[in-house]
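Structural features, examined
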Amino acid sequence: MSSHATTSGSQRVSALPTARLRLPEGWTAQVMLRDAQGNVIDAHAWRVGLAGASDLFARADRVLKQDGDRWVIAVDLALAERRLQVVAKHHVYPGDLAGIVRSLLPGRAMRNFQTACTLIRAGVPVTWPLAALERAGPHGQRESLFITERIAGAVDLHAWVQQWTAGQRDVTPAARRTLARRLGETFARLDRAGLWHRDAKAGNFLVAEGTDGPAVYLVDLDGVRSRPPWATHATHRGPAKLAATLIWAGSITTTDAWRAVHASARAGNRNVDKAMVRSLYHHAVAERLATFIMAARAATGDKERP
């Protein structure tokens, strides 16, 4: 087994020390050498802690999502004398032709790890990336495992708004303002970094209660893409997707939406004008209609099956 540690960026938040490791059972890994609080995690602790990576699912505290051999779990990971609460996302590319073509590119876990590092440097809040593991299967398939820190008490934005709408969560005016501002700033930071999120639905944001109001974290990094300079419409796609998935919530007012738009514009050094607001609104309505159409087609297809 060997490791090669690399440190990138300056001595700011961009200083993200990582290491490449070879692990048992054919796994290779890229790991973060510190946690979100700045505590050092050395390469040896990672080798020991990930030696049983194939058994993570069996040790899961909770299965968050499962679809065949693709799963997302919450589990405790022992690293030296510490135990970290983490979320592990497992994915397998099949050994068919499409899978072989995909295998020529970086795997999902490695892409997500690098994307998370890019977002952290850009000031976009994400769940802290800890490790990305990959290995090849005997029949050409590729298996990957992406591990991030678990944020205690966090729920996705869709569930957070549902609890608020149902009266199960007390949301103060200050919390509303803070949440709107942080969502708007998240999109502005993505835009400044030349990125956008093609699936920025409410379920792809986590909300956790902090000392200074609700904290927002972007998850599901598969949807993060580079934005070509000429694709100015992509700037609106993310906020419009989020708005489309929250239109149903009567607890969210026009004022809340306006605050988010203004926060995004201010953080991006842009002016808010009526054309911008109209564009966002039309995109949101179009996204909502597209969702209804796809759901109707899926329901029709299910009914037509024998």
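Above this text is the structure in question.
To start, this report covers the structure provided alongside it. (Residues numbered from 1 in each chain as written. Predicted model: local features only at pLDDT ≥ 70, side-chain atom pairs only at ≥ 80, totals over all residues. Heavy atoms only, no water.)

Attention now goes to the overall build of the protein. Helix and strand counts for the protein come out as eight helices and 13 strands. Per-residue burial over the protein gives 42% buried out of 306 residues. Put simply, the protein shows about 16,200 Å² of open surface, and 54% of that area lies on carbon and sulfur atoms. (Helix = DSSP H or I, 4+ residues; strand = E, 2+ residues; numbered from the N terminus. Buried < 20%, exposed > 50% of the residue type's maximum accessible area, 1.4 Å probe, protein only. Areas by Shrake-Rupley, 256 points an atom, 1.4 Å probe, with all protein chains shown as cover.)

Further remarks concern the layout of surface pockets. When its volume is computed, the largest pocket comes out at roughly 1,000 Å³. Elements with a minimum of two residues in the lining of the largest pocket: strand E4 (62-67), strand E5 (70-79), strand E6 (82-93), helix H3 (108-121), strand E8 (142-149) and strand E9 (155-156). When residues of the lining of the largest pocket are assigned to their parent elements, the largest contribution, five residues, is made by E4. Considering only residue class, the lining of the largest pocket consists of 16 nonpolar, ten polar and twelve charged. (1 Å grid on protein atoms, 1.4 Å probe; cavity = no way out; pocket = protein on both sides within 12 Å on 5 of 7 lines; lining within 4 Å. Points joined across faces, edges and corners; volume = space filled by probe spheres on them. Nonpolar A, V, L, I, M, F, W, Y, C, P; charged D, E, K, R; others polar.)

For the pair helix H5 (residues 173-192) and helix H7 (residues 254-267), interaxial distance at closest approach is 7 Å and the crossing angle is 40 degrees. Between H5 and H7, the angle falls in the class oblique. Here H5 runs over H7; the crossing is right-handed. Here H5 contributes Arg176, Arg177, Ala180, Arg181, Gly184, Glu185, Phe187, Ala188 and Arg192 to the contact with H7, which in turn contributes Asp256, Arg259, Ala260, Ala263, Ser264 and Ala267. Grouping the amino acids of the contact of H5 with H7 by side-chain chemistry returns six nonpolar, two polar and seven charged. (Axes fitted to C-alpha atoms, helices over the stretch in contact; angles between N-to-C directions. Parallel < 35°, antiparallel > 145°, perpendicular 65-115°, else oblique. Left-handed = near helix turned anticlockwise from the far one by under 90°. Contact = heavy atoms within 4.5 Å.)

What follows covers the nonpolar core. By size, the foremost hydrophobic cluster in this structure holds 63 residues, and its most contacted members are Trp46, Leu133, Ile147 and Leu157. For this core, the leading source of residues is H3, giving seven residues. In contact with tryptophan 46, other than residues within four places in its own chain, are Leu21, Val31, Met32, Leu33, Ile41, Leu77, Leu79, Leu130 and Ala131. (Core = buried A, V, L, I, M, F, W, Y, C linked by side-chain atoms within 4.5 Å.)

A separate point is empty space enclosed by the protein. On inspection of all chains with the given rule, the structure shows one cavity of 30 Å³ or more. Taken as a whole, the largest cavity holds about 60 Å³ of empty space. If you trace the largest cavity, you find ten residues lining it, with Phe187, Leu190, Leu195, Trp196 and Thr235 closest to the centre. The set of elements that each furnish at least two residues to the lining of the largest cavity consists of H5, strand E10 (195-197) and helix H6 (234-246). Within the lining of the largest cavity, the residues separate by chemical class into six nonpolar, three polar and one charged.

Turning next to unusual backbone geometry. Residues other than glycine seldom take positive phi values, yet glutamate 25 does so here, at roughly 65 degrees. With respect to the secondary-structure elements, glutamate 25 resides in the loop between strand E2 (16-22) and strand E3 (28-32). Accessibility expressed as a relative area gives 46% for glutamate 25, which makes it partly exposed. Of note, the phi angle at alanine 80 is positive, near 60 degrees, even though the residue is not glycine. Along the chain, the position of alanine 80 falls in the loop between E5 and E6.

The next point concerns the sheet that holds E9. Read across the open sheet, the three strands follow the order E9-E11-E12; overall the sheet is antiparallel. Each of the sheet's edge strands pairs with one partner strand only, and the pair in question is E9 and strand E12 (213-218). (Pairing = 2+ DSSP bridges.)

Now for the packing of aromatic side chains. Following the criterion strictly, the structure yields three aromatic pairs and no others. A centroid spacing of 5.7 Å and a plane angle of 70 degrees characterise the contact between tryptophan 160 and tryptophan 164, whose relative ring orientation is edge-to-face. Of this pair, tryptophan 160 and tryptophan 164 both sit in helix H4 (residues 157-165), four residues apart, which is roughly one turn of the helix. Comparing tryptophan 160 with tryptophan 164 shows no difference in burial state: the two are buried. (Phe/Tyr/Trp six-rings, centres within 6.5 Å; stacked < 30°, edge-to-face > 60°.)

Turning to its location among the elements, histidine 90 is positioned in strand E6. Relative accessible area serves as the criterion here: at 9%, histidine 90 is assigned to the buried category. A polar contact of 2.5 Å, which involves the side chain of histidine 90, links it to the backbone oxygen of aspartate 69. A polar side-chain atom of histidine 90 sits 2.7 Å from a polar atom in the side chain of glutamate 143. Among all residues touching histidine 90, those that are not within four sequence positions of it are Asp69, Arg70, Trp71, Glu143, Ser144 and Leu145. (Polar contact = N/O pair within 3.5 Å; in protein donor to acceptor, adjacent residues only side chain to side chain.)

Before going further, it helps to examine the pattern of salt bridges. Tallied over the full model, the rule gives twelve salt bridges. Of the charged contacts in the structure, one is a salt bridge between aspartate 61 and arginine 150, with a shortest N-O distance of 3.6 Å. Taken together, the residues span a long stretch of sequence, with aspartate 61 in the loop between helix H1 (43-49) and E4 and arginine 150 in the loop between E8 and E9 at a distance of 89 residues. A residue is classified by how much of its surface remains accessible, and arginine 150, at 22% relative accessible area, is partly exposed. Where glutamate 185 meets arginine 181, a salt bridge forms, and the shortest distance between an N and an O atom there is 3.7 Å. Of the two residues, glutamate 185 and arginine 181 both sit in helix H5, four residues apart, roughly one turn of that helix. (Salt bridge = Lys/Arg side-chain N within 4 Å of Asp/Glu carboxyl O.)

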